[in-house]
Amino acid sequence: MATFDVIFLGGGPAGYVGAIRCAQLGLNTAVIEREGLGGTCVLWGCIPAKALLEAAAFAEKMKKAPEFGVTPGDVKLDFGVAMKRSRAVSTQNSKGVEFLFKKNKITWIKGTAKLAGKNAVAVKTAEGKEEKHEAKKAVVISTGSRVKGLPQIGLELNRKTVISSDEALILEQAPKSITIVGAGAVGCEFADVFAAFGSKVTLLEALPGILPVEDADSSKEVERAFKKRKIDILTGAKISNAKVGKDGVSMTVESGGEKRDVKSDIVLVAAGRAPNVEDIGLQELGVKLTDRGFIQIDKTLATSVANVYAIGDVAGPPMLAHKGEREGHVVAEVIAGKHPHAIDYTNVPGATYCHPEVASVGLTEQQCKEKKIEYKVGKFPFSANGRARTSGETEGFVKLIRGAKHGEILGAHIVGAHATELIHELVLARTNEYTVEEVELAIHAHPTLSEAIGEAAMDSLGRMIHA
Amino acid sequence: MATKVFMEALSPTMEEGRLVKWLKNEGDAVKSGDPLAEVETDKAIMELVARGDGVLRKRFIGDGDSRPVGQVVGVIAAADENIDAIVAEAGGGGAGAEKATAPEKEKAPEKEQAPSAPSASSAPSAPSAPSAPPAPPAPSASSAQSAQSAQSAQSASRSVDRAKSSPLARRIANDRGLDISAVQGSGPGGRIIKRDIEAAAASGTPAAAPASSAHRKPSAAFEDVPLTQIRKTIARRLAESIGPIPTFYLTVDLDLGRVVEMRQAMLDLGDEFKVSINDLLLKAVATALAQHPEVNAHWLGDRIRQHHAVHLGMAVATNDGLIVPVIFDADQKRLGDISREARELARLARERKLKPEQYTGSTFSVSNLGMMQIAEFTAIINPPEVGILAVGAADDHPVVVDGELRMRKRLRMTMSCDHRAVDGAVGARFLQTLRRLVENPLMLVY
């Protein structure tokens, strides 16, 4: 039995960042993590997926290389090699977190944890030992989320022919054909990867458009780009009659008033994740859940039980690593007795790393309409941007939605190369309540993709220069 | 390119307009801004102007015809341009054609959102539909305007850069005339952000008001008073009891002796100093309102807006009905100015030449039927105002003064009060102030 100030249950982006910040603030901190440090993000999500997406981008660029006067020899695609590289990057990042733990003198207890009273945690270690540890100040639940299948339509994960993103990340080779159920960020990213590696990809989405949380213009732009790359997209799709065999899966998909049979070697279920709230002693301690099954928290990230906090995916959507990281920062400062500024969840950017990339912050145009906000839109296409032309990446646009009266940035939506990098100018602007005037006043270097942001701001004011 | 001529919303409340008279014939050349026709709105006769250059090729309706706002009534195009499609569209179903496109435009995005919608690919890309009718040229926040206001916000912000604040907060503060240095910041590091300005505006944090006896806060246009629970309950219960506006009435009987003396004394100085008793009453009401913002207010459903400016509506009977032109900032105006303005507004009203901005924006109204020898009456509140004063005839009445029966010039006025916003005692206090002013009109020059 050891005594700490703070114990984190889970070492993903929320937990490990919170732990490091706690250590910085002088708290004796432990993290209980059964797998590797970094959690889903580092091991089974953001990082390995992005490594594969880079491989996919390479493959796509090879096709265009001759236009640039660079004609490669025989281009061979090997998903297995890309996968191994992706695992190596993942491991490297996880080791990086281990190093940070050592540097900050944080204790990593390898095992699974369960709340055992308000200030105690029971641990079953990797070696099978039962331990109990005390947390004098606080316990932080950062157990994250996990993939889930769709047993209600006959697509339970069997990890062979019906897989989740976890298995997709460690396939030895790209399947000949793959059906991806769910066209959110995860579904679109894997569609991109497998299409680039030669799979025949069918992308299914129950809602009327792919990337349904994004602005409709963004969804349409990606859909157009995907279709050009021969990705089969069926939206408003209803799946029935799913038959899972040894070598493949077949199902009937109804979309656009038509029924068709879809057969593929593999089905990747990319429709949502479930919070890890089971078997960690929440009920016994009386920690309340929300209607949707997440842990209920207040503005200080405190649960319904004193000294117990929750952060990251388990504490509610959006289930994004950077949202969890911010909560990690804040929870550490709350526990240390500081009074950090409450998180403004309306300023959490969204990022999808398929090609073209999609990034956004704030409201979509549809949401502005629903909320009856008076707004104006400024939009600039990358096809009119010099830098985008030089690299031949002219798909996409910057779309800014501003308040009609005061010019505040209601929403920003970028589709195109490096969109996920470009968005931060607008995240900074929104976070500091800059209006489109301040964005436009900032001098954007030429030639850059960022110029499109300045142009979109000008367009929203009715004075765009370059289009 | 052909420009459709729409029946435009020429007043804020207009839903339909009657084309009184075409000012251009078919075949006449017109330029953008040229008057095309006279249109009678719900309030006045206004000009409908051309929104494009060319020739007025077709008039779809005749003199005297009425059409709802948004309907095509004509078309301007080049002399040789083919306008058959527009003619077919406008001529065929009349209102139908235009109307049909509008709702569809609104429905489409919804359709895309609905999870059960059959297919996205078949849904039209509605938001960019080119057939959308141009927005009526109402004074919308045009980009030029907003850019300008942004400029001024920037220059105004320079003086307050010391108070850490966001650009948006500064812009809103500037717009509402709030002194940002008086606002407490709640953002990171005490930074003043949008919600602080909105909270300050709601709670009436002043724009550095001088601590004088003036009740008027000089630069803030109004103050929103959030509804307390008890106020909400009162509002709900009373509205259940009587109509949408639970009205009650307070009547006062005033001695006009000094008002009559004052008026006569001024008249003796010359005709140019002639004012009516009504002018003096308007001045007194405006002065009293400035001291009772709880009466000089609008009921907005979820809050009560107490106005710092007094914009006094005065009901004027015309041959077509009642209209209420407004004397803006009446409490700040001299008696002579009020007198002249009242006369001018009444004339414009009778000639139906009032512009919309001259009969909108009042914060309280007065209706006077004294000249028609009505002893006393009640007037109907003009929402969202919360009160109206009905003024009866000034007449000789026997009254007891110092234990003796005397004849005095007396006048009765009845205030209709919206009980959701104004309680009996609140209305009574306002009338007390008004009585003091009317019975001692010299206070009006203090």
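Note that the coordinates shown come from a computational prediction; the quantities given were computed from them, not determined experimentally.

Draft legend 1. Just the overall build of chain B, in detail. A count of helices and strands for chain B gives ten helices and 20 strands. The buried share of chain B, reckoned over its 446 residues, is 35%. In chain B, the proportion of contacts linking residues at least 24 apart, taken out of those at least 6 apart, comes to 61%.

Draft legend 2. Quick look at the packing of helix H8 (residues 277-291) of chain B against helix H9 (residues 335-350) of chain B. Residue and element names in this part refer to chain B. Axis separation between H8 and H9 bottoms out at 9 Å; the angle between their running directions is 120 degrees. Considering only the axes of H8 and H9, their crossing is right-handed. Listed contacts from H9 to Asp 279, Leu 280, Leu 282 and Lys 283 of H8 are Leu 335, Ile 338, Ser 339 and Ala 342. Taken together, the residues of the contact of H8 with H9 sort by class into five nonpolar, one polar and two charged.

Draft legend 3. Highlighting the nonpolar core. Residues Val 139, Val 140, Ile 141, Ile 180, Ala 191 and Leu 268 of chain A are the most contacted members of the largest nonpolar core, which totals 142 residues. Look past the residues within four positions of Val 139 of chain A in its chain and what remains in contact with it is Ile 7, Leu 9, Leu 115, Val 121, Asn 307 and Val 308 of chain A. With 76 residues, the next largest nonpolar core counts Leu 19, Ile 388, Ala 390 and Leu 411 of chain B among its residues.

Draft legend 4. Highlighting the sheet that holds strand E13 (residues 258-264) of chain A. Residue and element names in this part refer to chain A. On the basis of which strands lie adjacent, the open sheet formed by three strands has the order E11-E12-E13 and antiparallel pairing. On the outer flanks of this sheet lie strand E11 (238-244) and E13, each paired with one strand and no other. Each strand axis lies, on average, 15 degrees off the axis of its neighbour in the sheet, ignoring direction. Where strand E12 (residues 249-255) meets E13, seven bridges bridge the pair, whose relative direction is antiparallel. Pairing of Ser 250 across the sheet is with Lys 263, part of E13.

Draft legend 5. Up close: the sheet that holds strand E19 (residues 375-381) of chain A. Residues and elements named next belong to chain A. Read across the sheet, five strands follow the order E17-E18-E21-E20-E19 without closing on themselves; strand pairing throughout is antiparallel. Strands at the two margins of the open sheet, each flanked by one partner only, are strand E17 (350-352) and E19. Looking at each pair of strands side by side, their axes are set apart by 10 degrees on average, direction ignored. As paired strands, strand E20 (residues 397-403) and strand E21 (residues 409-416) are joined by six bridges and run antiparallel to one another. What sits directly across from Val 398, in E21, is Ile 414. Against the sheet, helix H7 (residues 216-228) engages strand E18 (357-362), E20 and E21, with an angle of about 5 degrees to E21.

The rules behind each value
Residues numbered from 1 in each chain as written. Chains lettered and ligands numbered in written order. Predicted model: local features only at pLDDT ≥ 70, side-chain atom pairs only at ≥ 80, totals over all residues. Helix = DSSP H or I, 4+ residues; strand = E, 2+ residues; numbered from the N terminus. Buried ≥ 20, exposed ≤ 12 C-beta atoms within 10 Å, placed from the backbone. Contact = placed C-beta atoms within 7 Å. Axes fitted to C-alpha atoms, helices over the stretch in contact; angles between N-to-C directions. Left-handed = near helix turned anticlockwise from the far one by under 90°. Nonpolar A, V, L, I, M, F, W, Y, C, P; charged D, E, K, R; others polar. Core = buried A, V, L, I, M, F, W, Y, C linked by C-beta atoms within 7 Å. Pairing = 2+ DSSP bridges.

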